Amino acid sequence: MADIPVEALDQSAARAELARLADIIAKANAAYHQSDDPFISDAEFDALKQRNAAIEARFPALKRPDSPSDIVGATPAEGFSKVTHEVAMLSLANGFDDADIEEFDRRIRRYLNIAVEAPLHYTAEPKIDGLSLSLRYEKGALVQAATRGDGTTGENVTANARTIADIPHQIQGAPEILEVRGEVYMSHPDFEALNACQAELGGKTFANPRNAAAGSLRQLNPDITRARPLRFFAYAWGALSAPLSDTQWGAIKRLSEFGFATNDLTRLCTGQKDLLAQYKTIESQRATLTYDIDGVVYKVNDLGLQDRLGFRSTTPRWAIAHKFPAELAWTRLEAIDIQVGRTGALSPVARLHPVTVGGVVVSNATLHNEDYIAGRDNKGAQIRAGKDIRVGDWVQVYRAGDVIPKVADVDLSKRPEAAQPYVFPVTCPECQSDALREPGDAIRRCTGGLICPAQAVEKLKHFVSRAAFDIEGLGAKQVEQFYADGWITGPADIFRLRERYSDGLQQLKNREGWGEKSANNLFDAIDEKRKISLTRLIFSLGIRHVGEAASNLIAMHYGTAEAFLDAMDAAADQTGPAWESLLSIDGVGEVMATSLVHSLTQPSERASIDALLQQLNVQPVARPTAEGSPVAGQTVVFTGTLEKMTRAEAKARAERLGAKVSGSVSAKTDLLVAGPGAGSKARKAAELGIRTLDEDGWLALIEGQ
Ligand code: IVH
């Protein structure tokens, strides 16, 4: 029935199909909102709703009293309270082959100025495929357990964590404050038994042990968690009142002495050859382990060196996850759909005959862009030996970790005779505007801007997403509905909802899922977010290339929304001091800077932002003033050769101390650090009377920081 086109349905088939759709949409809604475990993708969900609406349009008399068209979303589950991590829970950079690991080792040596031949020690341990958990102990007592969440804020799952046998409630001999971090997972036999039991009771079964572990830990009733066989491996730490050791190896040993399970496949290795050998060893044991692992994690052993290496925006420089090869499967490509994203990108999506890839049923995969479908890369060189991908083809699907599955290859021997080369659209399927490709861009983009409903909706969804405004009760589904109703066309409208619709609350109340109370709760949740940090505001605008980390850097550079927007106006012609200042931000390159000024000076976009600002109270961002740092807030320039540390390390360290590092000397420079061979910059600094130090002078200045 699901395959019969709407036009071909007769009255009784339509009635049955509406019943089926109401049922599956209600289940999908509940899974999405209440158990955090969607069983279909957003796109599949949308397709079901569209089909439902199309049938209702053809047979209005058959519209059900519980029609999914009238439901915005299920009430969100009563959540866990939030916990802000004292030390952020970061993720790991990934490596996929030996060359990536060699490069990891080379990069570290370069950064630390360690010769290739000199011994450098690392730990190598399995990457457990579960979910990370941070356990806080104060004076030896477990006081809090929190999930990773977005890395900054997680969920308080203390009561649940206390039910896990591997997690001690009391520990002896630990520092007064100790946050132990590790992975919650479920073993294979426990997973099989749980699923068998669930199936017998007619309950929900899980696709893989990871989902089972996540679903079990995030239970609102700790008694359910207690009944689930969860385990925990400790492998890291967060806040500490005293160091555990001076090496990673020593610290893990201490964790084990405190009573935590640590992984017995962890080894101390010397140099990258040793790491790769340990990778092979762990990979060869993978099949016989009783738990899932998806790679091997390498960490620099010396904690002093870890400290010097520090972090990129979301990952440490001193560690990498060497992932196992992706899982593969073959299936039929049933259709290619085009989705339009918030930046107007037309993304081809493969609709596949469902196939299991590494324990997960896959029915959609990305096809990247039109060149990829045609069998070439963005420089015109052949990929897949030049084989194109056609609807009807037998294709290889590939899944690595959590990433979106990809179509990797095509089997020409199974190509149906009638299969035709895919013709990529040159107009937007959503608004019919021209879709163009800029030179050097692999992606074709809709030129419709905010008149394109897909872009407008995607931009709004991004605006309310977790790392942006994160408004409780206003998720992707609600935004779609409000947009479809014409209640929200731009972000400012969200903040006018109360004013506009309090009177018309009737309209909202009439929708299933909404009452006066829930509508008022929504308005309150919106009001709460009028006060917002500049970082979140910048990120929420959804400017191409400007992610969370960049938003933070930009916010720190400009401090206030006014200063930021004025600077973008001044930088609009892409020359002059305002433009140079934008480019001086470490992490902002020419491409991002161009995207920023284009987007923020484009009249309709700017009008939308100005209207939004009227509704908000944007909190300025202060530069991090590292306490007691002698260089906090100062602009420092490094020039010449540094001998005791690399330029990258010097820069990172200065930034950690709250300084701004610039590439050129100007009247705004506070301090020049000049090594041997310093030339014009040193002369200019002398002319301007700027304080100048050599490398030793600099190190003496920041000593002890
Ligand atoms: S170390 C600062 N070690 O992998 C980095 N992570 O992709 C701290 N994971 O969020 C993480 N096994 O959930 C580390 N042996 C291991 C791990 C491990 C699994 C997970 C962890 C992390 C994710 C990053």
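The text that follows walks through the structure, step by step, so that each part is easy to find. Being a predicted model, the structure only gives us computed values, none of them experimental.

**Considering the overall build of the protein**
Then, in step 1: Helix and strand counts for the protein stand at 26 helices and 24 strands.
Then, in step 2: Dimensions of the protein, computed from C-alpha atoms along their principal axes, come out at roughly 85 × 60 × 60 Å.
Then, in step 3: Within the protein, the proportion of its 705 residues that are buried is 46%.
Then, in step 4: Pairs at least 24 residues apart make up 67% of the contacts formed inside the protein by residues separated by at least 6 positions.
Then, in step 5: As presented, the protein carries roughly 33,100 Å² of accessible surface, and 51% of it is formed by carbon and sulfur atoms.
Then, in step 6: Positive and negative side-chain charges of the protein, numbering 79 and 93 respectively, have mean locations separated by a distance of 1 Å.

**Quick look at the pairing of strand E23 (residues 671–674)**
Then, in step 1: Of the two faces of E23, the one carrying Leu 671 and Val 673 and the one carrying Leu 672 and Ala 674 are both buried.
Then, in step 2: Alignment of strand E21 (residues 635–639) against E23, held across four bridges, turns out to be parallel. Its bridge partner lying in E23, Val 637 is registered against Leu 672.
Then, in step 3: For E23 and strand E24 (residues 691–693), the ladder comprises three bridges, and the chain directions are parallel. Residue pairing for E24: Leu 671 is matched across the bridge by Arg 691.
Then, in step 4: Assessed by its sense of winding, the connection that carries the chain from E23 through helix H25 (residues 680–688) to E24 is right-handed.

**As for helix H8 (residues 248–257)**
Then, in step 1: Of all the residues in H8, the buried ones are Gln 248, Gly 250, Ala 251, Ile 252 and Leu 255.
Then, in step 2: Contacts made by the buried residues of H8 are with strand E3 (121–128), strand E7 (177–185), strand E8 (231–240), strand E10 (293–300) and helix H10 (303–309).
Then, in step 3: Positive phi shows up at Gly 259, right after H8, with a value of about 110 degrees.

**Things to note about the site of the ligand**
Then, in step 1: If you check the shell around the ligand, you find 14 residues, and the closest are Glu 125, Ile 128, Glu 183, Tyr 235 and Lys 299.
Then, in step 2: Here an oxygen atom of the ligand and a side-chain polar atom of Lys 127 are 3.2 Å apart.
Then, in step 3: At 3.3 Å, a side-chain N or O of Tyr 235 approaches an oxygen atom of the ligand.
Then, in step 4: Here the ligand has 530 Å² of accessible area as a free molecule, and 88% of this is covered by the chains.
Then, in step 5: When contributions to the shell around the ligand are tallied by element, the ones reaching two or more residues are E3 and E10.
Then, in step 6: When its residues are assigned to classes, the shell around the ligand shows seven nonpolar, two polar and five charged.

**Comments concerning the pattern of salt bridges**
Then, in step 1: Summed over all chains, the structure comprises 43 salt bridges.
Then, in step 2: A salt bridge links Arg 106 to Glu 103; the shortest N-O distance between them is 3.1 Å. Here Arg 106 pairs with Glu 103, and both are found in helix H3 (residues 98–112), just three residues apart, close to one helical turn.
Then, in step 3: Accessibility expressed as a relative area gives 43% for Arg 106, which makes it partly exposed.
Then, in step 4: Lys 461 is the salt-bridge partner of Glu 480, the closest N and O atoms lying 2.6 Å from each other. With Glu 480 in helix H13 (residues 476–485) and Lys 461 in helix H12 (residues 453–463), the pair connects residues that are 19 residues apart, well separated along the chain.
Then, in step 5: Here Glu 480 falls in the partly exposed class, since its relative accessible area comes to 22%.
Then, in step 6: A cluster of three or more residues bridged by salt bridges with shared partners is formed by Glu 86, Arg 136, Glu 138, Glu 179 and Arg 181.

**Brief notes about the sheet that holds E3**
Then, in step 1: Pairing within the open sheet is mixed, and its five strands lie in the order E2-E11-E10-E3-E9. Lying at the two open borders of the sheet, with one neighbouring strand each, are strand E2 (94–95) and strand E9 (267–270).
Then, in step 2: Here seven bridges tie E3 to E10, and the two strands are oriented antiparallel to one another. Directly across from Ala 124, in E10, lies its bridge partner Tyr 298.
Then, in step 3: Against the sheet, H3 makes contact with E2, E3, E10 and strand E11 (319–323), and its axis sits at roughly 175 degrees relative to E11, the strand it touches most.

**Comments concerning the environment of Ile 383**
Then, in step 1: With respect to the secondary-structure elements, Ile 383 resides in the loop between helix H11 (370–374) and strand E15 (394–399).
Then, in step 2: By relative accessible area, Ile 383 is classed as partly exposed at 23%.
Then, in step 3: Here the alpha-carbon distance between Ile 383 and Trp 394, two residues eleven residues apart in the chain, equals 17 Å.
Then, in step 4: Beyond its immediate stretch of four places on either side in the chain, Ile 383 contacts Tyr 372, Gly 375, Arg 376 and Asp 377.

**Examining the nonpolar core**
Then, in step 1: Counting residues in each nonpolar core, the largest one holds 53 residues, and the members touching the most others are Ile 494, Ile 554 and Leu 582.
Then, in step 2: Residues in contact with Ile 494, not counting those within four places in the same chain, are Leu 460, Phe 463, Val 464, Ile 471, Leu 474, Ile 488 and Ile 526.
Then, in step 3: Ala 145, Ile 164, Leu 194 and Ala 212 belong to the second largest nonpolar core, which has 33 residues in total.

**Here's the deal with the environment of Glu 117**
Then, in step 1: With respect to the element layout, Glu 117 can be found in the loop between H3 and E3.
Then, in step 2: For Glu 117, a relative accessible area of 69% translates into the label exposed.
Then, in step 3: Through-space distance from the C-alpha of Glu 117 to that of Gly 271 is 9.0 Å; in sequence the pair is 154 residues apart.

**Points about the packing of aromatic side chains**
Then, in step 1: A complete count under the given rule lists 14 aromatic pairs for this structure.
Then, in step 2: Ring geometry for Phe 311 and Trp 318: centres 6.1 Å apart, planes at 75 degrees, overall edge-to-face.
Then, in step 3: Taken together, a centroid distance of 5.8 Å and an interplanar angle of 65 degrees make the contact between Phe 469 and Phe 495 edge-to-face. Of this pair, Phe 469 sits in the loop between H12 and H13 while Phe 495 sits in the loop between helix H14 (491–494) and helix H15 (497–501); the two residues are 26 residues apart in sequence, bridging distant segments of the chain. Comparing Phe 469 with Phe 495, the two get one shared label, buried.
Then, in step 4: Each member of the aromatic cluster is reached from another via a ring pair, and the members are Tyr 137, Phe 232 and Phe 260.

Conventions and cut-offs
Position numbers for residues start from 1 in each chain and track the written sequence from start to end. Reporting of local features is limited, given that this is a predicted model, to residues whose pLDDT is at least 70; pairs of side-chain atoms are given and counted only at 80 or more, and all residues count toward the totals for whole chains, interfaces and linings. Side-chain descriptors were evaluated using all non-hydrogen atoms of the structure, hydrogens and water having been removed beforehand. For helices the rule is a DSSP run of H or I covering at least 4 residues; for strands it is a run of E covering at least 2, with both sets numbered from the N terminus onward. Only protein chains enter the accessibility calculation, which uses a 1.4 Å probe; a residue whose area is less than 20% of its type maximum is buried, one above 50% is exposed, and one in between is partly exposed. Two residues qualify as a contact provided that any one of their heavy atoms is within 4.5 Å of a heavy atom in the partner residue. Per-residue and other accessible areas follow the Shrake-Rupley method at a 1.4 Å probe size, with only the shown protein chains counted as cover for residues. Counted as positive: Lys and Arg. Counted as negative: Asp and Glu. His and the chain ends are not counted at all. In plain terms, the charge of a residue is placed at NZ if it is Lys, CZ if Arg, CG if Asp and CD if Glu. Only strands that DSSP links by at least two bridges are regarded as paired with each other. By definition, the crossover connecting two strands over a helix is right-handed if that path, from the first strand to the second, turns clockwise as seen with the strands pointing away from the viewer. Being near a molecule or strand, for a residue, comes down to having at least one heavy atom within 4 Å of it. Two N or O atoms form a polar contact when they lie within 3.5 Å of each other; inside protein one atom must be a possible hydrogen donor and the other a possible acceptor, and for residues adjacent in sequence the pair counts only when both atoms belong to side chains. Under the grouping applied here, Gly and all other residues not named as nonpolar or charged are polar, the nonpolar ones being Ala, Val, Leu, Ile, Met, Phe, Trp, Tyr, Cys and Pro and the charged ones Asp, Glu, Lys and Arg. When a carboxyl oxygen of Asp or Glu is within 4 Å of a side-chain nitrogen of Lys or Arg, the pair counts as a salt bridge. Simply put, an axis is a line fit to the C-alpha atoms, just over the touching stretch for a helix, and the angle between two N-to-C directions goes from 0 to 180 degrees. To qualify as a nonpolar core, a set must consist of buried Ala, Val, Leu, Ile, Met, Phe, Trp, Tyr and Cys residues joined through side-chain atoms within 4.5 Å. Note on aromatic pairs: the rings of Phe, Tyr and Trp (six-membered ring only in Trp) are paired at centre separations within 6.5 Å, and the planes decide the class, stacked below 30 degrees, edge-to-face beyond 60, tilted for the rest.

Honestly, that's just the spatial picture; any functional story needs more than this.
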